[in-house]
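Architecture and fold: a report
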Amino acid sequence: MNQPTQASPQNVAQSHYGRSLVLAVLVLFVLGTAGLVGWFVWQDRQVQNGQAMVLLFGSGGAIAVSALVARWICLSFQQLVESKTQLEAQVQTQTQALYQSEEKFSKAFRSSPNPLAIVQLTNGQVLEVNDSFLQLSGYSQSEILGKNALKLPLWVNPKDAIAISRCLQETGSVHNLEIAYRTQAGTIRTALLSAELLELDGKPCAIYVNTDITDRKWAETILTYSKQQLDLQNSILDELTRSHALDRGDWKTVVQEITAAAGMTLAVERASIWLYTEVKSSIYCVDLYELWSDRHTAGMEISSSDYPTYFQALEADEIIAATDAKRDLRTQELSRCYLQPNQIASMLDAPIRLGKETIGVLCIERLSVFRPWTVEEQSFVRSLADLISLAYETDQRQQAEVALRQSELKFRSIVENANDIIYMLTPEAIFSYVSPNWALILGHNPADIVGSSVSLMIHPDDRQRCTEQFDQLIQKDTLISGLDYRVHHQDGTWRWHISNLSAVRDEAGTVVYCIGITRDISDRKAAEIELQIAKEAAEVANTAKSEFLATMSHELRTPLTGILGYAQILKRGSLTAEQRKGLDTIQQCGDHLLMLINDVLDLAKIETQSMTLRPTEFQLPNFLQAIATLFHLRADQKGITFLYEPLTSLPEAVQGDEQRLRQVLINLLSNAIKFTDRGGVVLKVGTITAPLLHSSTRLRFQVEDTGIGIAPEHRQEIFQSFHQVGDRDRMIEGTGLGLAISQALVEMMGGTLTVDSINGTGSCFAFELDLPVVEFWQEKTLVQTPEVIGYQGSRRRVLVVDERSTNRAVLVQMLAPLGFELMEAENGQDALEKAAQFRPDVIFMDLVMPVMDGFEATRQLRRSPTFQDTIIIAASASAFEQDQQASLNVGCNAFLPKPILYENLLDMLKTLLTLEWEYKPLMPNSQILTSTSISLSEPIPLPSLEVLDTLIHLARMGAVLEIQDQARRVEHNTPLMAAFSMQVCQFAESFQVRQLQEFLQHCRERCI
């Protein structure tokens, strides 16, 4: 049944305008009719008068009057016809203009980047939404259109919807209302909503515009948190500088306030203050604050002779920020006696200095979990250390008058050597004191600054804001904390500073002076700008690189689709030996080129961290034996030896990424054979740790060769991308990516690829992996079927969509012999038209095409009820997983990579179309194997068990070219085995790998 048509904005507007036009025409018709009737009444009266006139003037006069009346009527009708024609032309013109306006509105509505929705207010029904709205909410049109807007699960707070509706009714519009909404995936996001009333088809409606501000809100939250932390640190510093205990010189209270403030502000478990003994032979703990117990202790002592590196760092470094204290060179010697017993993971130590003398250390400690220390935290702890030194001096000053004078000298030394500028202001904002390091930081002579107004040093754009803050400080005693502004440097530049300022008042509350601390943060500001610029540049470069690799993948794989596809098609026909050899060469070259492309794409995936492992269970001994068999053949061809040595008993089966492990071993063994001219290559595999039940085993893989070796200066270069070393004659093979990819894959699997080599003697590459052991392994049996020649049931229609005729022809020639009805389309737009005409059962859709790409074509097909259940297979040369996933997201049922393999194509069609294949019937003397029995029509000579085992291992790997070489070598050495060799080559050339495996296994059983 046809579903009811949804009222689009265009249909609603046309309906409304049409009714208005009909009403206008009716009014004009009524008015015209009334005028005509009135005219006839008037004429009737005139006729009566005319009769009277006839009586007066005679019959001649009556005839004249009648003629005059007839002429007037004729003229009136002509004017009416002309008016009607003009009216119709105007109506047509206005209608055409309206249609054009509606079309523009519809396009603008659909293509708007802002999410839009139209809702009828009387019943709350959603009339229309655009694609941006669906993308933002995650819902489909069928889940939104026609539903009550107030009852949609979009609303996090349903009261928002009611409030918006009420506001629209009262004021007629809503502007930038911040609301929370829930996507179809359940994610809570934030948007700014605006709405305006409009009338469609005589009914009140509203159009809603949404702007997603979730990311902006999150960024504001992060910035707010960062500022809060900085403000908190500045506030704590300000409170500590105004501490009464500091003024009184109460040393014990001051250190306890500082350690408690440090622990709570930085959220660390331990904060402590240590001071040197008189002879500086050790440091002793003055106060240790433990956050979890809110307890202060003291008394522990650490000798400088036991930990010389740490004490040297205290003397040399401004701060010791050790994220991993047990590995940091400055603190690792504390591990056994201090870090491990206290479970300390990270340390932030600020030496306490009086002038240039180190008197102790403020130690901040994080337990159990590593913590990276930010620059702000380091500055905060550095400032706390300065306050400790100030408190220490105050304590020493009050002990004796001599100590007081010395304390004043040291205090000045602290101020002069502090990282920050300390300054004092009068209530009128005049400098009364600046620390000597003003000259070092800002270049001016401090004497020239004293007596000048602070506003003269501040950037004009920041001056008003700073003045307002200072007025608040004087009038309301509001502390200035974390105020950032630009200060004039003597060289004419402006430097960014952040400042804290507090007022000192007398007993009457009058401000006596203000004291402040300012810190140069220009480097941090510049770093933030550079970081942002670098981030944007990296994003642009990443985008360009991804686009280039996607284009390269598509452009290189596309011609290979035709090359390898036709090679598969032609091999299924009757060929001469020379023709078959030529096709083998074409396919071998194509496979080699595809391997090089895959190497480049693998490297790109590794660099962008988009490479993923796919662990599976596999039989380890057979896996290794198959690889060894392959390289036995390669070594024999080069005239060197190859040996596979299992060093220990190996587990029957393990779990891991079989494909990537094979790729690593093949890369290493290929290089070994490539660079070995004499001697041989050895593959050694053994367990390092014996596997336990339900556990993993550690395996060591080692490839040794007696080749040319690697010079020490080149051992790191060999792992670089696109880099080869050694004899230039050997560099013509490969791309220089094998070792770079292998190293990255081994690291992804949890190991490290190492190399040990002696130049001119040979090399040894090795790596170790932890692989889970499969407890119960059952070898999978192979079910074999004959050649597919068709399928059962009604004929299925297939639409092949691809911009390249070659690619379309490959699929057509693969499927046409099986009985499929086929039609071709060259782009997405053409596909839409052909699909509507052809009504296919399955569509093979290329993704990258001109006019309209495969993504958009699939979206439009899925919107149509006719093609909701049509099988759509994305057939693309793209090798990126995001493109594959994107094709599935827009509605494709499966992804078929190019170049297309015939067996994969048949398996996919069988699954998606639930087909039952028809197979080529078995001939009386046929040697094709079935899934239930293996037999030969007559006895034929067979090779040795060793040769059969070699062929079986090659068949398990799918190495059809190596199988053909081995079979021909057997026939050349023993001509009586020509029948056996021909059968093996027949299977290999037609890619009937499973039949070949069963045939060889049966031959082996006969030999036994």
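This is a predicted model, so every value here is computed, not measured.

Re the overall build of the protein
- Summing up its helical and strand segments, the protein has 29 helices and 31 strands in all.
- When the 1008 residues of the protein are sorted by exposure, 43% land in the buried category.
- Long-range contacts, defined as pairs at least 24 residues apart, comprise 60% of the intrachain contacts of the protein with a sequence gap of at least 6.

Comments concerning the pairing of strand β21 (residues 680-689)
- With 8 of 10 residues buried, β21 lies mostly within the body of the structure.
- Bridge analysis of strand β19 (residues 641-646) against β21 gives 6 bridges, and the strand direction is parallel. Across the sheet, the residue bridging to Glu645 is Lys684, located in β21.
- Where β21 lies against strand β22 (residues 696-705), 8 bridges are found, and the strand directions are antiparallel. Following the sheet pairing, Leu683 is matched in β22 by Val703.

With respect to the environment of Leu456
- Along the chain, Leu456 falls in the loop between α14 (446-449) and α15 (460-476).
- Leu456 sits 31 residues away from Val487 along the chain, and the two C-alpha atoms are 9.1 Å apart.

Details of the pattern of salt bridges
- All told, the structure shown has 37 salt bridges when counted by the stated rule.
- Across the salt bridge formed by Arg486 and Asp462, the nearest N and O atoms sit 3.0 Å from each other. Of this pair, Arg486 sits in strand β15 (residues 480-488) while Asp462 sits in helix α15, and the two are 24 residues apart along the sequence. Of the two residues examined, Arg486 and Asp462, each falls in the buried class.
- Asp484 is the salt-bridge partner of Arg465, the closest N and O atoms lying 3.8 Å from each other.

Structural notes on the side chain of Asn827
- Relative to the helices and strands, Asn827 is located in the loop between β27 (821-825) and α22 (828-838).
- Owing to a relative accessible area of 8%, Asn827 belongs among the buried residues under this scheme.
- The contacts of Asn827, once residues within four sequence positions are left out, are Val801, Met849, Pro850, Val851 and Met852.

Some thoughts on the packing of α22 against helix α23 (residues 854-863)
- Their axes nearest at 8 Å, the elements α22 and α23 cross at an angle of 25 degrees. Taken together, the axis directions place α22 and α23 in an arrangement best described as roughly parallel. Both α22 and α23 take part in a crossing whose hand is right-handed. Of the residues in α23, those touching α22 at Gly828, Leu832 and Ala835 are Ala857, Gln860 and Leu861.
- Within the contact of α22 with α23, the residues separate by chemical class into 4 nonpolar, 2 polar and no charged.

With respect to the confidence of the model for the protein
- Here the protein shows a mean pLDDT of 79. Residues at 70 or above account for 76%.
- Of all helices and strands in the protein, the one with the weakest mean pLDDT is helix α1 (residues 9-57) (42), whereas strand β6 (residues 270-276) scores best (95).
- Overall, residues 1-44 carries pLDDT values under 50, and its contacts beyond four positions in sequence, including any with other chains, amount to 32 contacts.
- Throughout residues 923-938 the model reports pLDDT below 50, and contacts reaching past four residues in sequence, or to other chains, amount to 25 contacts.

Regarding the nonpolar core
- Counting residues in hydrophobic clusters, the biggest one holds 60 residues, and the most contacted among them are Leu624, Phe642, Leu665, Phe701, Phe767, Phe980 and Leu1000.
- At 9 residues, helix α18 (residues 620-638) tops the list of elements feeding residues into this core.
- When neighbours within four sequence positions are excluded, Leu1000 is seen to be in contact with Leu948, Leu951, Ile952, Ala955, Phe980 and Val984.
- Among the nonpolar cores identified, the runner-up in size contains 34 residues, and Leu237, Ala261, Leu266 and Leu390 belong to it.

What to know about the sheet that holds strand β24 (residues 762-772)
- Spatial strand order, β19-β21-β22-β24-β23: 5 strands in an open sheet with mixed pairing. A strand with exactly one partner marks an edge of an open sheet, and here the two such strands are β19 and β23 (754-758). With strand direction ignored, the average angle separating the axes of adjacent strands in the sheet is 15 degrees.
- Packed onto the sheet, α18 meets β19, β21 and β22 and runs at close to 165 degrees relative to β19.

Concerning the sheet that holds strand β16 (residues 494-505)
- Spatially, the 5 strands line up as an open sheet ordered β14-β13-β17-β16-β15, and their pairing is antiparallel. Strands at the two margins of the open sheet, each flanked by one partner only, are β14 (431-434) and β15. Recorded for the sheet is a direction-independent mean angle of 30 degrees between the axes of neighbouring strands.
- As defined by bridge partners, strand β13 (residues 421-425) adjoins strand β17 (residues 511-520) across 5 bridges and the pair is classed as antiparallel. Counterpart to Met424 in the pairing with β17 is Ile515.

Examining unusual backbone geometry
- For Ser368, which is not a glycine, the phi torsion comes out positive at approximately 70 degrees.
- As for its position among the elements, Ser368 is in the loop between β12 (357-367) and α11 (375-399).
- The class of Ser368 is exposed, set by a relative accessible area of 56%.
- Positive phi, normally seen in glycine, also occurs at Ala429, with a value near 65 degrees.
- Within the secondary structure, Ala429 is located in the loop between β13 and β14.

A word on helix α21 (residues 805-815)
- Across the 11 residues of α21, 8 count as buried, placing the element largely inside the fold.
- Taken as a whole, α21 has its buried residues at Asn807, Arg808, Ala809, Val810, Leu811, Val812, Met814 and Leu815.

Observations regarding the packing of aromatic side chains
- Within this structure, the stated rule accounts for 11 aromatic pairs.
- With a centroid separation of 6.2 Å and an interplanar angle of 75 degrees, the aromatic rings of Trp274 and Tyr338 are classed as edge-to-face. One end of the pair, Trp274, is in strand β6; the other, Tyr338, is in helix α10 (residues 335-342), and 64 residues separate them in sequence. No difference in accessibility class separates Trp274 from Tyr338, as the two residues are buried.

A word on the packing of α18 against helix α19 (residues 658-674)
- As a packed pair, α18 and α19 sit with axes 11 Å apart at the nearest point and diverge in direction by 20 degrees. With respect to each other, α18 and α19 are oriented roughly parallel. The interaxial crossing formed by α18 with α19 has right-handed handedness. For the pair α18 and α19, contact is made by Phe623, Leu624, Ile627, Phe631, Arg634, Ala635 and Lys638 and by Glu658, Leu661, Arg662, Leu665, Ile666, Leu669, Ser670, Ile673 and Lys674, respectively.
- For the contact of α18 with α19, the residue count by class is 10 nonpolar, 1 polar and 5 charged.

Considering α18
- With 19 residues, α18 should cover 27 Å at 1.5 Å per step; its first-to-last C-alpha distance of 27 Å lies within 8% of that length.
- Restricting attention to buried positions, one finds in α18 the residues Leu620, Phe623, Leu624, Ala626, Ile627, Ala628, Thr629, Leu630, Phe631, Leu633 and Ala635.
- Positive phi shows up at Gly639, right after α18, with a value of about 85 degrees.

Some words on the state of the cysteines
- Tallying each qualifying case throughout the model produces 0 disulfides.
- Its sulfur unpaired, Cys363 is 9.1 Å from the next cysteine sulfur, which belongs to Cys285.

Rules used throughout
- Residues numbered from 1 in each chain as written.
- Predicted model: local features only at pLDDT ≥ 70, side-chain atom pairs only at ≥ 80, totals over all residues.
- Heavy atoms only, no water.
- Helix = DSSP H or I, 4+ residues; strand = E, 2+ residues; numbered from the N terminus.
- Buried < 20%, exposed > 50% of the residue type's maximum accessible area, 1.4 Å probe, protein only.
- Contact = heavy atoms within 4.5 Å.
- Pairing = 2+ DSSP bridges.
- Salt bridge = Lys/Arg side-chain N within 4 Å of Asp/Glu carboxyl O.
- Axes fitted to C-alpha atoms, helices over the stretch in contact; angles between N-to-C directions.
- Parallel < 35°, antiparallel > 145°, perpendicular 65-115°, else oblique.
- Left-handed = near helix turned anticlockwise from the far one by under 90°.
- Nonpolar A, V, L, I, M, F, W, Y, C, P; charged D, E, K, R; others polar.
- pLDDT = per-residue confidence, 0-100.
- Core = buried A, V, L, I, M, F, W, Y, C linked by side-chain atoms within 4.5 Å.
- Phe/Tyr/Trp six-rings, centres within 6.5 Å; stacked < 30°, edge-to-face > 60°.
- Expected span 1.5 Å × (residues − 1).
- Disulfide = S-S within 2.5 Å.

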